[in-house]
Amino acid sequence: MPFLFFHYSEYLKGSTISSTVKAGNPIDNIMKTVLPFFEQVNFNFDKAAKYTNYSPGILNEIKICNSVYHMTFPLKRDNGTIETIHAWRAEHSHHKLPTKGGIRYSTLVNEDEIMALAALMTYKCAIVDVPFGGAKGGIQINVEKYSVGELERITRRYAYELVSKNFIGPGIDVPAPDYGTGEREMAWILDTYTAMTSDKLEARACVTGKPVEQGGIHGRKEATGLGVYYGLREACSFEEDMKPLGLSSGLEGKSIVVQGFGNVGYHSAKFLQEGGAVIIAIAEFDGAIYNTQGLEVGKVSDYRNENGSILNFPDAKTMKNPSEALELECDILVPAALENQITSENVHRIKARIIAEAANGPVTPEAHDILKNRGTLIIPDTYLNAGGVIVSYFEWLNNLSHVRFGRVGRRFEENSRKDFMMAIERITGKRLPENEMKRLVYGPEERTLVNTSLEDTMAVAYNEIRETRTQYGNGIDLRTASFIKVINKIAVSYMELGIFP
Ligand code: GLU
C-alpha cells in the first residue's frame, strides 16, 4: 500500500518520474531535486490518509486526476510566423460539479504542474465548503513575449478548444484567473464561450474573475490576498499557538517578508500592513527590497507601476538575489509566488517562525518536515489561499441568479434600521452623531457582503482545521489536519453519490 510509507526520501526514491525538475521558479532559477509536484501533493495526502479508515480504493479515487486535456494549437504571430502553443486543462475531481480553478500563463506550465494544482483546488474547495471539484488550466507561454493581440488570439483559441471538448461551462468546469492571467483574459474567455454556446442565459457563469461590468463581483480581485490576511489574523489570534513560537498573539507589529508582488502578494501585503503588521521585505523575480522599519506597500506598488520594477525603491535596501529575502530574520514569511520555493536546499537558512502559504505548493514535503521539527508553524496553501475560489463561488452564484448580492432588500434593511434608531432617539430624547447613525443603519452593498462572508469562511475553516489537529494529537500539523478533513469530506460525498455503497 504505497500510501503507508511516509519517509520523504524513500518516497523520492520510489518516484516514477524524474525527480530532478527545474523548480517552478523564476525567482530562484536553479535546478533542484524535488518530487514532481503532483507527487508532492499526493505525498501530503497519503500522510493524512493513514489517520483515516477508508479503503485504498476510495483513497485512490479521491487522489486520482479524473480528466486531463493536453492541447496544441498554432498561433500566427504578428510578424507572420507560426508558433505551436501547448496548453492544458485538468479536472481533478468530479465528486462535485462544476469543477473550478484558475488558468495560469507561464513557461513553467506542464502537465504535472496542472494536475497538481487541480488536485490542490479539490482540497481547497473542500476545506472551505465551496461545492466544486478542483480543476486547473495552463498555457506554456511567457506573457512578456507576446503582444496583446497575440495574447487575445491564444486565449480565445484556448477557450475554443475547451468548448469543443466540453471542458468549460457553468455546470461543467469554470476557469478563473491565476498566475499570469486576470480580468482581461477572463473577459476574452467569456466572450468566446458566449459566442459558441446556445445557452446564452447562463453563459456568464462559465468563468469567474471577470471585470465587474461583465458579470464579475466586487472584491474578487483582492479576494485571495484578503483571505490570506483573514487566515493569518485568525492563526495569530491564539495565544497558546503563538507562545511556543516566542510570539505574542495578534498581527500587530509582526515583521513580515512577502515573496511575489503580483495580485496575491500585493494584496496580502496591503491588508497585512493595514492590519498592523510590518512588511520588512518584498521579493520579486529580479531582486528584493528591504527595510526593517517597514515598507509602504501602496508606495512600492506605485513605484513599480512607474518604473517597471520594485528595485531601487527609495528608503529601502535593494537585494540583487531575491532568494536572500526569504532567509531574512522575520516573524512571518509569506511565499506568494510559485511552487517549490522552500526546499531541502534553502530550508536550513529560513528563519521565519510562521510560514503562510499564499502560493500553491511553495514548501516541498521534505522542507515541511524539517520546518515542522524545528517548531515552525506552517499555514497550508489548501486553506490559506482559498479566498479567491471562495469569492469566485459568490460570483458564480450571482451569475446564475442574475442579481447582485445586496440589490434586493438593501434599502429596505437600511430604512427599517433607521426607523428603529429614530424610535430609540424619540424614547430616550438623545440624538446620535450623524456618522454614528450612518454606520448603524448601513445596509450592506455587494463588496461588504462578499468581504464579511470571506472573513467568516476563513475563520470557520481555520478553527475546523485547528480542532482536527487537536483531535488527532500533538504530532499532527495543520497541513495534515487539513488533509484529514478533506479526505473525510470528499469520501462522504462519494458515498452520498452511491459510488462506494
Ligand atoms: N487561481 C485561484 C486559485 O488557485 C482561483 C481559482 C478560482 O477562483 O476558481 O485558488
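Residues numbered from 1 in each chain as written. Predicted model: local features only at pLDDT ≥ 70, side-chain atom pairs only at ≥ 80, totals over all residues. Heavy atoms only, no water.

A. Looking closely at the overall build of the protein chain. Of the regular secondary structure elements, the protein chain holds 18 helices and 14 strands. Taking 23 Å as the expected radius of gyration for a compact globule of 501 residues, we find that the protein chain reaches 23 Å, a close match to that expectation. Seen through its principal axes, the protein chain has C-alpha atoms that stretch 80 × 60 × 60 Å. Counting the 501 residues in the protein chain, one finds 57% classified as buried. The long-range share in the protein chain, meaning contacts at least 24 apart out of those at least 6 apart in sequence, stands at 68%. Charged side chains of the protein chain number 55 positive and 62 negative; the gap between the two group centres comes to 2 Å. (Helix = DSSP H or I, 4+ residues; strand = E, 2+ residues; numbered from the N terminus. Rg over C-alpha atoms; globule rule 2.2 N^0.38 Å. Buried < 20%, exposed > 50% of the residue type's maximum accessible area, 1.4 Å probe, protein only. Contact = heavy atoms within 4.5 Å. Lys, Arg positive; Asp, Glu negative; His and termini not counted. Charge placed at Lys NZ, Arg CZ, Asp CG, Glu CD.)

B. Here's a closer look at the site of the ligand. Around the ligand there are 14 residues in total, and Lys100, Lys124, Pro177, Asp178 and Ser392 lie nearest to it. For the ligand, an oxygen atom lies 3.0 Å from a polar atom in the side chain of Arg220. For the ligand, whose accessible area on its own is 290 Å², the fraction buried by protein is 95%. Of all the elements in the fold, those that place two or more residues in the shell around the ligand are β5 (99-105), α4 (111-127), β7 (173-177) and α14 (387-401). Considered class by class, the residues forming the shell around the ligand number four nonpolar, five polar and five charged. (Near = heavy atom within 4 Å. Polar contact = N/O pair within 3.5 Å; in protein donor to acceptor, adjacent residues only side chain to side chain. Areas by Shrake-Rupley, 256 points an atom, 1.4 Å probe, with all protein chains shown as cover. Nonpolar A, V, L, I, M, F, W, Y, C, P; charged D, E, K, R; others polar.)

C. Local environment of helix α18 (residues 478-496). Counted at 1.5 Å a residue, the expected span for α18 with its 19 residues is 27 Å, and the 27 Å between its end C-alpha atoms agrees. The backbone nitrogen of Arg479 lies 3.0 Å from a side-chain oxygen of the residue at the head of α18, namely Asp477. Trailing α18 by a residue or two, Gly498 shows a phi angle of about 75°, which is positive. (Expected span 1.5 Å × (residues − 1).)

D. Structural view of the confidence of the model for the protein chain. In the predicted model, the protein chain carries a mean pLDDT of 92, and 93% of its residues have values of at least 70. Across residues 1-31, confidence stays below pLDDT 50; counting only partners more than four residues off in sequence or on other chains, it has 77 contacts. (pLDDT = per-residue confidence, 0-100.)

E. Spotlight on the packing of helix α2 (residues 37-49) against helix α12 (residues 365-374). Following both chains from N to C, one finds α2 and α12 inclined at 45°, their axes separated by 10 Å at the closest point. As far as their axial angle goes, α12 and α2 are oblique. Within the contact between the two elements, α2 uses Gln40, Phe43, Asn44 and Lys47 and α12 uses Pro365, His368 and Asp369. Looking at the contact of α2 with α12 residue by residue, the classes come out as two nonpolar, three polar and two charged. (Axes fitted to C-alpha atoms, helices over the stretch in contact; angles between N-to-C directions. Parallel < 35°, antiparallel > 145°, perpendicular 65-115°, else oblique.)

F. Structural context of the pattern of salt bridges. According to the stated counting rule, one finds 34 salt bridges in the structure shown. A salt bridge links Asp78 to Arg153; the shortest N-O distance between them is 3.0 Å. Placement of the pair is Asp78 in the loop between β3 (67-76) and β4 (82-91) and Arg153 in helix α5 (residues 148-164), with a sequence separation of 75 residues. Where Glu327 meets Arg349, a salt bridge forms, and the shortest distance between an N and an O atom there is 3.1 Å. One end of the pair, Glu327, is in the loop between α11 (323-326) and β12 (332-335); the other, Arg349, is in the loop between β12 and β13 (354-356), and 22 residues separate them in sequence. On the basis of relative accessible area, Glu327 is assigned to the buried category, the value being 14%. Among the charged side chains, a salt-bridge network with shared partners connects Arg104, Glu113, Lys136, Asp178 and Glu339. (Salt bridge = Lys/Arg side-chain N within 4 Å of Asp/Glu carboxyl O.)

G. Region of the structure containing the environment of Lys200. Structurally, Lys200 is set in the loop between α6 (183-196) and α7 (223-236). Taking the C-alpha atoms as reference points, Lys200 and Thr292, 92 residues apart in sequence, are found 54 Å from one another. Among the polar contacts made by the side chain of Lys200, one reaches the main-chain carbonyl oxygen of Thr194 at a distance of 2.5 Å.

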